[in-house]
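Single-letter residue listing:
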Amino acid sequence: MQQCLDLALKGLGAVSPNPMVGAVLVYEDRVIGTGYHKRYGEAHAEVNCINSVQEADKPFIAASTLYVSLEPCSHFGKTPPCADLIIANKIKKVIVACLDPNPLVAGRGVERLEAAGIQVVTHVLEQESRKINKRFIVFHEQKRPYIILKWAVSVEGNFCPSDKSSFWLSNDESKKMVHQWRSEEDAILVGSGTALADNPSLTVREWQGRNPVRVMLDRDLKTPIHFNIYNEEANTIVFNLHKNEERGHVQWIQLPLKNFIEAAMKKMYDLHIQSVIIEGGLDILNQCMSLRYWDEIRVIQSNTSLIDGLKAPKIQEKSLHQQQLKQDLIYYYHNEQNL
């Protein structure tokens, strides 16, 4: 099962809104097939696993045990149900890490296998499976995107200059890491203050991968249309108080003033945005913190000094682990209540 989880992680950043899934087929303690879900819209893990079996081992498929990191799907989506494929191949036993929280599956895959006479064992490395599919799990169980807050702080613990002007804190290696993080999420969110101060592109130009959807909270549409966030490098969604409009790769969505951030998260859920990394200013970050609207926090502690600055948000939790990147130290925090 651990091999299934390791295989599943190879799909990070490429399979959303589907979950990451790995599968291993074992005949008499010998692995005869492996596979994982490589890209959204393409074959699922179980299909790739069975298809990987060599010709000489194909007669053993029916007598094998299939390990899979998430319950096999039971519905027609971009591909046919994997449960039907398992039944068709007459596999005798299936071991599943955790059930699929998607209402279209939610135990039906296991039921279909058992109805066909297949022995099914569930909850094997269940928590480990939930953690690697944390985005998918939170999206379906809490009806919102998985939320990652990210910021950098100076030696003094300051977030930005007192006048909120643009000021770069972290080093080049940390910048590359941030671009990698962006490539792993469906969306990246900032407020109009960040857009106006930094004029960011919010792309992954220093990392190979897909650009996330750019989301901007701009209540009064202050950000000029010629700013980088509107360029054609990625799709852009602008949550605002005034208009609904779609123009090419840009979509303006009107939301009510009351509970604006909560409404934005609900709308992203409706748009099937499964995860978002928030690189916003202090106001947005502090609101998310006070609402407990976060699943991870990643803080880059730089060795840059910024004496006259605004303090970064306070975190009550202890960091689970750290990562050194040259002189920068990255602290990782998790909201364990959400998993």
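Computed from a prediction, not measured in an experiment: that's the story for all the values here. Every chain is numbered on its own, with residues counted from 1 as its sequence reads. For this predicted model, a pLDDT threshold of at least 70 governs which residues receive local features, and a threshold of 80 or more governs which side-chain atom pairs are given and counted, while totals over whole chains, interfaces and linings are taken from all residues. Processing note: side-chain calculations cover all non-hydrogen atoms of the structure and skip hydrogens and water entirely.

## Remarks on the pattern of salt bridges
Here is step 1: The salt bridge criterion pairs a side-chain nitrogen of Lys or Arg with a carboxyl oxygen of Asp or Glu, the two atoms within 4 Å. For the structure shown, the criterion picks out 16 salt bridges.
Here is step 2: As a salt-bridge pair, Lys 175 and Glu 206 come within 3.3 Å of each other at their nearest N and O atoms. Taken together, the positions of Lys 175 in helix 7 (residues 172-183) and Glu 206 in the loop between helix 8 (192-198) and strand 9 (213-217) put the pair 31 residues apart, joining distant regions of the chain.
Here is step 3: Working definition: with a 1.4 Å probe on protein chains only, accessible area under 20% of the residue-type maximum means buried, over 50% means exposed, and in between means partly exposed. The class for Glu 206 is partly exposed, based on a relative accessible area of 30%.
Here is step 4: The residue Glu 245 makes a salt bridge to Arg 247 at a minimum N-O spacing of 2.9 Å.
Here is step 5: A residue is classified by how much of its surface remains accessible, and Glu 245, at 29% relative accessible area, is partly exposed. The secondary structure listing takes helices from DSSP runs of H or I that are at least 4 residues long and strands from runs of E that are at least 2 residues long, numbered from the N terminus.

## Points about the sheet that holds strand 12 (residues 250-254)
In any sheet, the strands associate via hydrogen bonds between backbone groups, in a parallel or an antiparallel arrangement.
Here is step 1: With respect to topology, 10 strands assemble into an open sheet ordered 11-12-10-9-8-13-6-14-17-16, the strand pairing being mixed. Because the sheet does not close on itself, it has two edges, and the strands there are strand 11 (245-247) and strand 16 (321-325). Across this sheet, the average inter-strand angle for adjacent strands is 20 degrees, counted without regard to direction.
Here is step 2: Being paired, for any two strands, means DSSP has found at least two bridges between them. Looking at chain direction, strand 9 and strand 10 (residues 236-240) are connected through 4 bridges and run parallel. Counterpart to Met 216 in the pairing with strand 10 is Val 238.
Here is step 3: Where helix 10 (residues 282-290) meets the sheet, its contacts fall on strand 6 (146-153), strand 8 (187-191), strand 9, strand 13 (275-278) and strand 14 (296-301), and the angle it forms with strand 6 comes to roughly 130 degrees. An axis is simply a line fitted to the C-alpha atoms; with a helix, the fit covers only the stretch in contact. Between two such axes, the angle follows the N-to-C directions and lies from 0 to 180 degrees. Any two residues having at least one pair of non-hydrogen atoms within 4.5 Å are treated as being in contact.

## Points about the packing of aromatic side chains
Here is step 1: Only Phe, Tyr and Trp rings are paired, with Trp represented by its six-membered ring, and only when their centres lie within 6.5 Å; those with planes under 30 degrees apart are stacked, over 60 edge-to-face, the remainder tilted. Inspection of the entire model under this criterion finds 4 aromatic pairs.
Here is step 2: Their ring planes at 40 degrees and their centres at 4.6 Å tell us that Phe 139 and Tyr 269 sit as a pair that is tilted. A residue pair is termed long-range when its members are at least 10 positions apart, and Phe 139 in helix 6 (residues 134-142) and Tyr 269 in helix 9 (residues 260-270) qualify at 130 residues.
Here is step 3: Working rule: Lys NZ or Arg CZ, within 6 Å of ring centre, within 35 degrees of ring normal, means a charge sits over the ring. Looking at Lys 243, its charged tip hangs above the ring of Trp 252, at a distance of 4.2 Å from the centre.

## Topic: the layout of surface pockets
Here is step 1: Cavities and pockets were defined on a 1 Å grid built over protein atoms only: a cavity is a set of grid points that admits a 1.4 Å probe from which the probe cannot escape, a pocket is an open set flanked by protein on both sides within 12 Å along at least five of seven lines, and lining residues are those with an atom within 4 Å of any such point. Grid points are joined across faces, edges and corners, and a volume is the space filled by probe spheres set on the points. Of the volumes computed, that of the largest pocket is approximately 1,100 Å³.
Here is step 2: Broken down by secondary-structure element, the contributors of at least two residues to the lining of the largest pocket are strand 6, strand 7 (158-161), helix 7, strand 8, helix 8 and helix 10.
Here is step 3: Take the lining of the largest pocket: its biggest share by element is 6 residues, from helix 8.
Here is step 4: Grouping the amino acids of the lining of the largest pocket by side-chain chemistry returns 19 nonpolar, 13 polar and 10 charged. In the scheme used here, Gly and all other residues not listed as nonpolar or charged are polar, with Ala, Val, Leu, Ile, Met, Phe, Trp, Tyr, Cys and Pro taken as nonpolar and Asp, Glu, Lys and Arg as charged.

## Things to note about empty space enclosed by the protein
Here is step 1: As enumerated under the stated definition, the model contains 1 cavity of 30 Å³ or more in all.
Here is step 2: Of the volumes computed, that of the largest cavity is approximately 130 Å³.
Here is step 3: Lining the largest cavity are 18 residues, with Ser 16, Asn 18, Met 20, Arg 135 and Gln 274 sitting closest to its centre.
Here is step 4: The element that contributes the greatest number of residues to the lining of the largest cavity is helix 6, accounting for 3 residues.

## A short note on the pairing of strand 2 (residues 30-36)
Here is step 1: Relative to strand 2, strand 1 (residues 22-27) runs antiparallel, the two being bridged by 6 bridges. Note that in strand 2 the partner of Ala 23 across the bridge is Gly 35.
Here is step 2: Counted between consecutive antiparallel strands, the loop separating strand 1 from strand 2 contains 2 residues, among which Glu 28 sits at a positive phi close to 50 degrees.

## Quick notes on unusual backbone geometry
Residues apart from glycine generally show negative phi values, whereas peptide bonds are mostly found in trans.
Here is step 1: Omega for the bond connecting Ser 16 with Pro 17 falls within 30 degrees of zero, at 15 degrees, which places this linkage in the cis form.
Here is step 2: Along the chain, Pro 17 turns up in the loop between helix 1 (2-8) and strand 1.
Here is step 3: For Glu 28, which is not a glycine, the phi torsion comes out positive at approximately 50 degrees.
Here is step 4: By the secondary structure assignment, Glu 28 is in the loop between strand 1 and strand 2.
Here is step 5: Phi is positive for His 123, which is not a glycine, with a value near 65 degrees.
Here is step 6: Take His 123: it is sitting in the loop between strand 5 (119-121) and helix 5 (126-132).

## Observations concerning the environment of Leu 85
Here is step 1: Among the structural elements, Leu 85 can be located in helix 3 (residues 82-88).
Here is step 2: Under the relative-accessibility criterion, Leu 85 is labelled partly exposed at 26%.
Here is step 3: Distance in space between the C-alpha atoms of Leu 85 and Ser 74 is 10.0 Å, their sequence separation being 11 residues.
Here is step 4: Once you skip the residues sitting within four places of it in the chain, Leu 85 turns out to touch Glu 46, Val 47 and Ile 50.

## Some thoughts on the environment of Ala 263
Here is step 1: On the secondary structure map, Ala 263 appears in helix 9.
Here is step 2: Classification of Ala 263 as buried rests on a relative accessible area of 18%.
Here is step 3: Sequence separation between Ala 263 and Phe 239 is 24 residues, and the spatial gap between their C-alpha atoms is 9.3 Å.
Here is step 4: Excluding residues that lie within four positions of it along the chain, Ala 263 makes contacts with Leu 255 and Pro 256.

So, to be careful, I would describe these as geometric facts and stop short of saying anything about function.
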